[in-house]
Amino acid sequence: MMEKDIQEVLFTKEVIHDKVKELGKKITEEYNNKEVVVIGVLKGANIFLGDLVREINLPVAIDFMAVSSYGFSTESSGVVRILKDLDLEIEDKHVLIIEDIIDTGLTLKYLTENLKSRKVASLKICTLLDKPLRRKCDLEIDYIGFEIPDEFIVGYGIDYAEKYRNLPFIATLKREVYE
Ligand code: PRP
Ligand code: MN
Ligand code: MG
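- As named in an unreviewed UniProt entry, the protein chain is Hypoxanthine phosphoribosyltransferase, taken from Clostridium aceticum.
- Among the UniProt annotations of the protein chain, the heading Function (unreviewed entry) holds the following wording: "Purine salvage pathway enzyme that catalyzes the transfer of the ribosyl-5-phosphate group from 5-phospho-alpha-D-ribose 1-diphosphate (PRPP) to the N9 position of the 6-oxopurines hypoxanthine and guanine to form the corresponding ribonucleotides IMP (inosine 5'-monophosphate) and GMP (guanosine 5'-monophosphate), with the release of PPi."

1. Regarding the environment of K136
Reasoning step 1: Mapping K136 onto the fold places it in the loop between β6 (122-130) and β7 (143-147).
Reasoning step 2: Here the alpha-carbon distance between K136 and D150, two residues 14 residues apart in the chain, equals 13 Å.
Reasoning step 3: Apart from the residues lying within four places of it in its own chain, the contact partners of K136 are T104, G105 and L106.

2. What about the sheet that holds β6?
Reasoning step 1: Across the sheet, which stays open at both edges, the 6 strands sit in the order β4-β3-β2-β5-β6-β7 with mixed pairing between neighbours. Looking at strand neighbours, the two that pair on one side only are β4 (81-84) and β7, the edges of this open sheet. Shown here is a sheet whose adjacent strand axes are inclined to one another by a mean of 30°, direction ignored.
Reasoning step 2: As defined by bridge partners, strand β2 (residues 36-42) adjoins strand β3 (residues 60-68) across 7 bridges and the pair is classed as parallel. Note on β3: the bridge partner recorded for V37 is A61.
Reasoning step 3: Taken strand by strand, helix α1 (residues 13-31) contacts β2, β5 (94-102), β6 and β7, and its axis lies near 160° from that of β7.

3. Description of the pairing of β2
Reasoning step 1: A large share of β2 lies buried, amounting to 6 of its 7 residues.
Reasoning step 2: Read from β2 through helix α2 (residues 46-53) to β3, the crossover connection turns out right-handed.
Reasoning step 3: Judged from the 5 bridges that link them, β2 and β5 form a sheet pairing that is parallel. In the sheet register, G40 faces β5, and the bridge partner there is I98.

4. Some details on unusual backbone geometry
Reasoning step 1: Residue L42 is joined to K43 through a cis peptide bond whose omega torsion reads -5°.
Reasoning step 2: Along the chain, the position of K43 falls in the loop between β2 and α2.
Reasoning step 3: Residue N33 is not a glycine yet carries a positive backbone phi of 70°.
Reasoning step 4: You will see that Y156, though not glycine, has its phi angle at about 50°, which is positive.
Reasoning step 5: Assignment of secondary structure puts Y156 in the loop between β8 (153-154) and β9 (170-173).
Reasoning step 6: For Y156, a count of 25 C-beta atoms within 10 Å gives the class buried.

5. A few points about the pairing of β9
Reasoning step 1: Taken together, the 4 bridges between strand β1 (residues 6-11) and β9 define a ladder with antiparallel strand orientation. Residue pairing in the sheet places I6 in a bridge with L173 of β9.
Reasoning step 2: In this structure, β8 lies alongside β9, joined through 2 bridges in antiparallel fashion. Bridged to I153 within β9 is T172.

What counts, and at which threshold
- Each chain carries its own residue numbering, running from 1 in the written order of its sequence.
- Written order decides the labels, with chains lettered from A and ligands numbered from 1.
- Only residues with pLDDT of 70 or above have their local features reported here, since the model is predicted, and side-chain atom pairs are shown and tallied only from 80 upward, although totals for entire chains, interfaces and linings are computed over all residues.
- UniProt positions are given in the numbering used here, feature names are shortened, and annotations may be inferred rather than shown by experiment.
- Secondary structure counts use DSSP, requiring at least four H or I residues in a row for a helix and at least two E residues in a row for a strand, with both numbered from the N terminus.
- A pair of residues counts as a contact when their C-beta atoms, built from backbone coordinates, are within 7 Å of each other.
- Following DSSP output, two strands are said to pair if at least two bridges run between them.
- Simply put, an axis is a line fit to the C-alpha atoms, just over the touching stretch for a helix, and the angle between two N-to-C directions goes from 0 to 180 degrees.
- Counting other C-beta atoms within 10 Å of its own, a residue is labelled buried from 20 upward, exposed at 12 or fewer, and partly exposed in the gap between, with every C-beta atom placed from the backbone.
- Whether a crossover is right-handed comes down to one check: with the strands pointing away from the viewer, does the path from the first strand over the helix to the second run clockwise; if it does, it is right-handed.

What follows is the structure, given as C-alpha cells:
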C-alpha cells in the first residue's frame with residue numbers, strides 16, 4: 001500500500017543492518033570503554049538509534065531532542081527551534097549525536113553549537129545518511145553510514161509529510177508523490 005509510491009530501493013533492510021553493525025563496532029572501539037550519552041534527534045533518528053545502540057558495547061545513556069526545521073515542507077528553513085530539550089545533564093559527558101540524514105547541515109550546526117555550550121567532554125556526530133551536495137554550512141561528521149546523491153528519500157525513520165518512516169528499507173519516492 002505504501003509500495004506504490006516507491007521508485008527505487010537504495011538500501012535494503014540487510015544492507016542497512018550490516019552498516020549499523022559496522023558503525024556500532026567502530027564506535028565501540030573508538031570510545032574505548034568510555035561512557036557515552038547518545039542523543040537522538042527526533043523523530044527521524046529514532047529507528048536508527050534503536051538499532052545502533054544495540055550494536056554499541058559501551059555504557060550508554062540515551063536521550064532525545066526534538067527540533068523543528070522542515071515541518072511539512074521539503075526544504076529546510078534554516079530556522080531551528082528546540083521543541084524538546086534533553087532530560088539529562090551532559091556537562092563533562094562524552095556526547096554522540098545520532099541523525100538519520102544530514103542534508104543542509106543547518107539542524108546539526110545549530111544543535112552542535114548549542115550542546116557544546118553545555119561544556120561537554122566531547123561531542124561527535126553519527127549519521128546514517130549524508131547528502132554532501134546539499135550542504136549549506138561547515139560541519140564535521142565523525143561517523144557516516146552512506147553518502148547519497150541529492151534525491152528525495154524515505155524509510156527507516158525518514159518521512160515525507162510524516163509518512164513512510166516505518167518502511168524497513170530506504171528508497172526514493174516517485175516524483176508525482178511530492179510534486
Ligand atoms: C530531517 C532529518 C534531519 C534534518 C536534516 O528532520 O531527520 O534531522 O531534517 O536536514 P538539514 O541537514 O537540512 O538540517 P526533519 O526536520 O524533517 O524532522 P523529522 O526528523 O521529525 O522528520
Ligand atoms: Mn530529523
Ligand atoms: Mg522530516
